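Observations on chain architecture
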Amino acid sequence: MMVRAMGLEKYAESYVNQSLFTDVKSGMWHAGYVNLAYREGIIKGYGNGKFGPDDTVTYGQFVTILLRLLGYTESDIGKIWPNDYIVFAADKELDEGTDLDANDALSRADAAILLYNTILTKAKGASVKFYTTLNGYASSAIAIILDNNDTTSKEGDLYALVIGASGVEMKYFEQKNRLADGFVGAFGELLFNPSGEVIGFISEDMDFLDIVVSKAKISGITDISGKTYKISSSTPVISDGSLYVYGETGYVKVNSHLNQSARFYTDDKGDVKYIYLTTGVSAKDTKVAVAALDTAALELEEKLGIKQKYYHVVKNGVQTTKDSLSKYDVAYFDEMTSTLRASDYRITGYISAAAPSVNAAASITVSGCEISVLECAHETLASFTLGDCVTLLLTDEGSVAAAYPADELNTEMFGVLSLDGNSVTLCHSGLVITPNDISANPALNGSLVKIDAFDQDRMDCIAVSKNVSKNDVIDIKANTLGGKKLAAGCAIYEWGGSGYVYSLEGELQKSSTDFSAIYHTDTIGAQYISYYHVNAIGEVDIIVLNDVTGNYYEYGKLSFYSDEEGVLSYKGITVTNDKYPKESTKYIYTLSGATSYGGIALGNYSKNYQKVASVAKLTEVKDLTADSFYLNSEDEWYVNLPKAKIPVSENVKVYIKPTDKWQSGEEGLLVALSSELKITVYYDRTVPSGAMVRIIVIE
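So, how was this worked out
Residues numbered from 1 in each chain as written. Predicted model: local features only at pLDDT ≥ 70, side-chain atom pairs only at ≥ 80, totals over all residues. Heavy atoms only, no water. Pairing = 2+ DSSP bridges. Helix = DSSP H or I, 4+ residues; strand = E, 2+ residues; numbered from the N terminus. Axes fitted to C-alpha atoms, helices over the stretch in contact; angles between N-to-C directions. Salt bridge = Lys/Arg side-chain N within 4 Å of Asp/Glu carboxyl O. Buried < 20%, exposed > 50% of the residue type's maximum accessible area, 1.4 Å probe, protein only. Patch = residues over 30% accessible without salt bridge, like charges linked within 9 Å, V, L, I, M, F, W, Y side chains within 5 Å. Areas by Shrake-Rupley, 256 points an atom, 1.4 Å probe, with all protein chains shown as cover. Lys, Arg positive; Asp, Glu negative; His and termini not counted. Charge placed at Lys NZ, Arg CZ, Asp CG, Glu CD. Phe/Tyr/Trp six-rings, centres within 6.5 Å; stacked < 30°, edge-to-face > 60°. Lys NZ or Arg CZ within 6 Å of the ring centre and 35° of its normal. 1 Å grid on protein atoms, 1.4 Å probe; cavity = no way out; pocket = protein on both sides within 12 Å on 5 of 7 lines; lining within 4 Å. Points joined across faces, edges and corners; volume = space filled by probe spheres on them. Nonpolar A, V, L, I, M, F, W, Y, C, P; charged D, E, K, R; others polar. Parallel < 35°, antiparallel > 145°, perpendicular 65-115°, else oblique. Left-handed = near helix turned anticlockwise from the far one by under 90°. Contact = heavy atoms within 4.5 Å. Core = buried A, V, L, I, M, F, W, Y, C linked by side-chain atoms within 4.5 Å.

Focus: the sheet that holds strand β19 (residues 363-366)
Within the open sheet, the five strands sit side by side as β20-β19-β18-β21-β22. Their pairing is antiparallel. The open sheet has two edge strands, β20 (369-372) and β22 (400-405), and neither has a second partner. Taken pair by pair, the neighbouring strands of this sheet meet at an average axis angle of 50 degrees, ignoring direction. Of the strand pairs in this sheet, strand β18 (residues 346-355) and β19 are connected by four bridges, and their pairing is antiparallel. Bridge assignment links Ile 351 to a residue of β19, and that residue is Val 366.

Right, here's the structure in full:
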């Protein structure tokens, strides 16, 4: 291995017939390597004329050889062997990824890691890393490997995104030494010989993050949990073998991949440097499989031809483990990101249309929802006709992969009833069903409902009822509720006790898939849980929380009205902020108490006027200055109050009283901090229950 690292293997044969050690006989397979290594000064033997070719190599011995390879001698390292050598190697970080003592026997795997670390290190007195001195090396380029076995180009079979000083481009290369399949999707340095052929790849430890796209704007990308990532307008976007610039057409391309996977390559600051959009099931050669057994992981690996021992698992848009895979899951494998993408999305209903026919459908309509159909589903659809009740198994992108009779496999369905009561958006899959007739109490509009009964034209929606006991505590770190595991992609909603449901980030009629919006606690007590649902395999897949974050309120200046004109049958309330700079419409207000700055959560309509379901009352702190505010290590804004440090909401509302203008977010906060005026903050809740600054007023 050391001779190969020096690029001298082709010279080893000329040393085969020398006898430099008494126990390395001329003609032995290893003789040329041992003798050449001795001539190069990286081994010395035991000093008694013997080398010990059959002896186990120790960590101390190997580290000594590595340091000699880099040009270091006893005068650089120290005279105490092996201790000085172990310490010196650790200082050079040659031992990263290992945990060995001096006399530990060295495995071939340990040797590979140590040697890899060494060739990424500079030799004594050198200005370049050791691998640039390897025999055959001529140049290198930073790249992301997209494919290492492409047969479509005459220019070569390795396809990569190459990043140079003048920009980025997609290129093909011939391979002198074919790269391992595991490098597909990796970021690092391609190594070339003088002919421009690939001879190796140095994988760099660039972080990456896999998300499922919910929406993309020119300012950033939002995933299905509601979290938004800021994206630079110059960020390269890789999609379907082509390259786009995010601020030009890249964000449009991302928007065409809604509910599909994207990989962000990020730097050490967490900034997104490159975006790769997976092809998902849109690629014609993508193989899709359905797990028919309880041993789902092994079955899917076999059906999808997954050979690597280690790969990522994403189920329902959330990174998880093989243990989360279960019977009836639909999956496909993304080679680029080494990711098995699975889902347990299903819909049960009556087939009302299919094009061109049910058994050869490109699309099928169930309960008013038209869904694209993959070819792999045709076999299971062959026995159905229009009017049949069927359960469709869906990919994570919402395409039909298989069909079962509803009396064989029937799925409980939950969703959010639209504000007008005419449709339901299913939890998890996001499919919108619009049957001819929805039977639901208007008071349920905007809330979570269970879809209780079907016939060909009608759907019944009923309210979910509280089902929580005192032991049903959510452990955020353990990802459990009452000891039950949370399912991958568990849909988490929040409401104020009545009215509409929101994600934990405050998006109307959306759900979250994690608790990242809750910063102040690792547990959520039963008193804050309104409802949860357990799926067929015993995991919690839906949770409704009651007033935990406060993010769902619309914050601003509140104004109260009596029914002077006889328009409202109750008192009215409006809110003024950056969204409603000239005051919102009047909402019905039946609650007691009034406050000048606060938040309102909306509920259902009454005689054409929308009700306020709840009001957030805020605590006022006056006479602050810019010095009271600071950024923490994670670039989050806090205000230092006399008795507590309280975070500032990302969507904080800022009222600039001298100009009667409203702004929001960090932009508004920076205006307040640079104004040199007195600052008043308004925060909700108590510090132990997650207080957060919601409104800032400067005057």
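After presenting the structure, the write-up continues.
Quick look at the pattern of salt bridges
Where side chains of opposite charge bring their charged atoms close, a pairing between them can arise. As enumerated under the stated definition, the model contains 20 salt bridges in all. For Asp 578, the salt bridge is made with Lys 653, and the minimal N-O distance between the two is 2.9 Å. Of this pair, Asp 578 sits in the loop between β36 (571-576) and β37 (587-589) while Lys 653 sits in strand β43 (residues 645-656); the two residues are 75 residues apart in sequence, bridging distant segments of the chain. Overall, the relative accessible area of 11% leaves Lys 653 in the buried class. Where salt bridges share partners, they join Asp 547, Asp 684, Arg 685 and Arg 694 into one cluster.

Topic: a negative patch on the surface
Judged by side-chain charge, Glu 634, Asp 635, Glu 636 and Glu 650 come together as a negatively charged surface patch. Along the chain, the position of Glu 650 falls in strand β43. Residue Glu 650 is classed as exposed on the basis of its relative accessible area of 71%.

Remarks on the pairing of strand β4 (residues 187-192)
Where a strand is regular, its side chains alternate between the two sheet faces. Extensive coverage of β4 is indicated by the burial of six of its six residues. Where strand β1 (residues 139-147) meets β4, six bridges bridge the pair, whose relative direction is antiparallel. Among the inter-strand pairings, Ala 143 is bridged to a residue of β4, identified as Gly 188. The pairing of β4 with strand β5 (residues 198-203) spans five bridges and is classified as antiparallel. When the bridges of β5 are listed, Leu 191 appears paired with Gly 200. Hairpin connection of β4 to β5: five residues between the antiparallel strands, including Gly 196 at a positive phi of 85 degrees.

Quick word on the packing of aromatic side chains
The final tally for this structure, using the stated rule, is 20 aromatic pairs. Ring centres 5.4 Å apart and planes at 80 degrees place the aromatic pair Phe 21 and Tyr 38 in the edge-to-face group. Of this pair, Phe 21 sits in the loop between α1 (2-5) and α2 (31-39) while Tyr 38 sits in helix α2, placing them 17 residues apart in sequence. Here Tyr 38 falls in the partly exposed class, since its relative accessible area comes to 36%. Site record: aromatic cluster; members linked through ring pairs are Tyr 502, Tyr 552, Tyr 553 and Tyr 555. Taking NZ or CZ as reference, Arg 263 lies 3.7 Å from the ring centre of Phe 208, over its face.

As for the layout of surface pockets
The gaps left among the atoms become clear once a water-sized probe is rolled over them. The computed volume of the second largest pocket comes to approximately 1300 Å³. As for the second largest pocket, its lining consists of 40 residues, of which Met 2, Ile 43, Phe 51, Val 57 and Ile 65 are closest to the centre. Elements represented by at least two residues in the lining of the second largest pocket include exactly α1, α2, α3 (59-69), α4 (74-77) and α6 (108-119). Residue composition of the lining of the second largest pocket, grouped by class: 22 nonpolar, 10 polar and eight charged.

Description of the packing of α3 against helix α5 (residues 83-91)
The N-to-C vectors of α3 and α5 enclose an angle of 60 degrees; their axes lie 9 Å apart at closest approach. On the basis of the axis angle, α3 is oblique to α5. Seen along the crossing, α3 lies across α5 with a hand that is left-handed. Seen from α3, the contacting residues are Tyr 59, Gly 60, Val 63, Thr 64 and Leu 67; seen from α5, they are Tyr 85, Ile 86, Phe 88 and Ala 89. In terms of residue class, the contact of α3 with α5 is made up of seven nonpolar, two polar and no charged.

What to know about the sheet that holds strand β14 (residues 312-315)
Each strand in a sheet pairs with another by means of backbone hydrogen bonds, the pair being arranged parallel or else antiparallel. With respect to topology, five strands assemble into an open sheet ordered β13-β16-β17-β14-β15, the strand pairing being mixed. At either margin of the open sheet sits one strand with a lone partner, and together these are β13 (288-290) and β15 (318-320). Ignoring which end each strand starts from, the neighbouring axes of this sheet average 30 degrees apart. One ladder, built from three bridges, connects β13 with strand β16 (residues 330-334); its direction is antiparallel. Its bridge partner lying in β16, Ala 289 is registered against Ala 331. Each of β13, β16 and β17 (339-343) touches helix α8 (residues 296-304); the most contacted strand, β13, lies at about 150 degrees to it.

Side note on the packing of α3 against α6
Look at α3 against α6: their axes get within 11 Å of each other, and the N-to-C directions meet at 25 degrees. When the axis of α3 is compared with that of α6, the two are roughly parallel. Both α3 and α6 take part in a crossing whose hand is right-handed. Each of Tyr 59, Phe 62, Leu 66 and Leu 69 in α3 lies in contact with α6, whose residues at this interface are Ala 111, Leu 114, Leu 115 and Thr 118.

Focus on the environment of Asp 452
Position of Asp 452 relative to the elements: it lies in strand β27 (residues 448-454). Judged by relative accessible area, which is 45%, Asp 452 ranks as partly exposed. Asp 452 has contacts with Asp 460 and Ile 462, leaving out every residue within four places of it along the chain.

Quick notes on the nonpolar core
General note: in soluble globular proteins, nonpolar side chains tend to be found buried as a group. Within the largest apolar cluster, 43 residues are counted, with the highest numbers of intra-cluster contacts made by Met 2 and Leu 67. Broken down by secondary-structure element, the contributors of at least two residues to this core are α1, α2, α3, α5 and α6. For this core, the element with the highest residue contribution is α3, accounting for seven residues. When residues no more than four places from it in sequence are discounted, the contact partners of Leu 67 are Tyr 72, Ile 77, Tyr 85, Phe 88, Ala 89 and Leu 94. Counting 30 residues, the second largest nonpolar core, distinct from the first, contains Ile 347, Ala 361, Leu 417 and Leu 426.

Quick look at the side chain of Thr 58
On the secondary structure map, Thr 58 appears in the loop between α2 and α3. Accessibility expressed as a relative area gives 15% for Thr 58, which makes it buried.

Side note on the pairing of β22
The element β22 is largely enclosed, with a buried count of five among its six residues. By the bridge criterion, five bridges tie strand β21 (residues 389-394) to β22 in an arrangement that is antiparallel. Paired with Leu 393 across the bridge in β22 is Ala 402. Between β21 and β22, which pair antiparallel in sequence order, lie five residues; one of them, Gly 398, sits at a positive phi of approximately 85 degrees.

Observations regarding unusual backbone geometry
The residue after Trp 81, namely Pro 82, is reached through a cis peptide bond having omega 5 degrees. Take Pro 82: it is sitting in the loop between α4 and α5. A cis amide bond, omega 0 degrees, links Ala 355 with the succeeding residue Pro 356. Inspection of the secondary structure puts Pro 356 in the loop between β18 and β19. A positive phi angle is found at Glu 676, which is not glycine, with a value near 60 degrees. Structurally, the position occupied by Glu 676 is in the loop between α10 (665-673) and β45 (679-684). Residue Glu 676 is classed as exposed on the basis of its relative accessible area of 78%.

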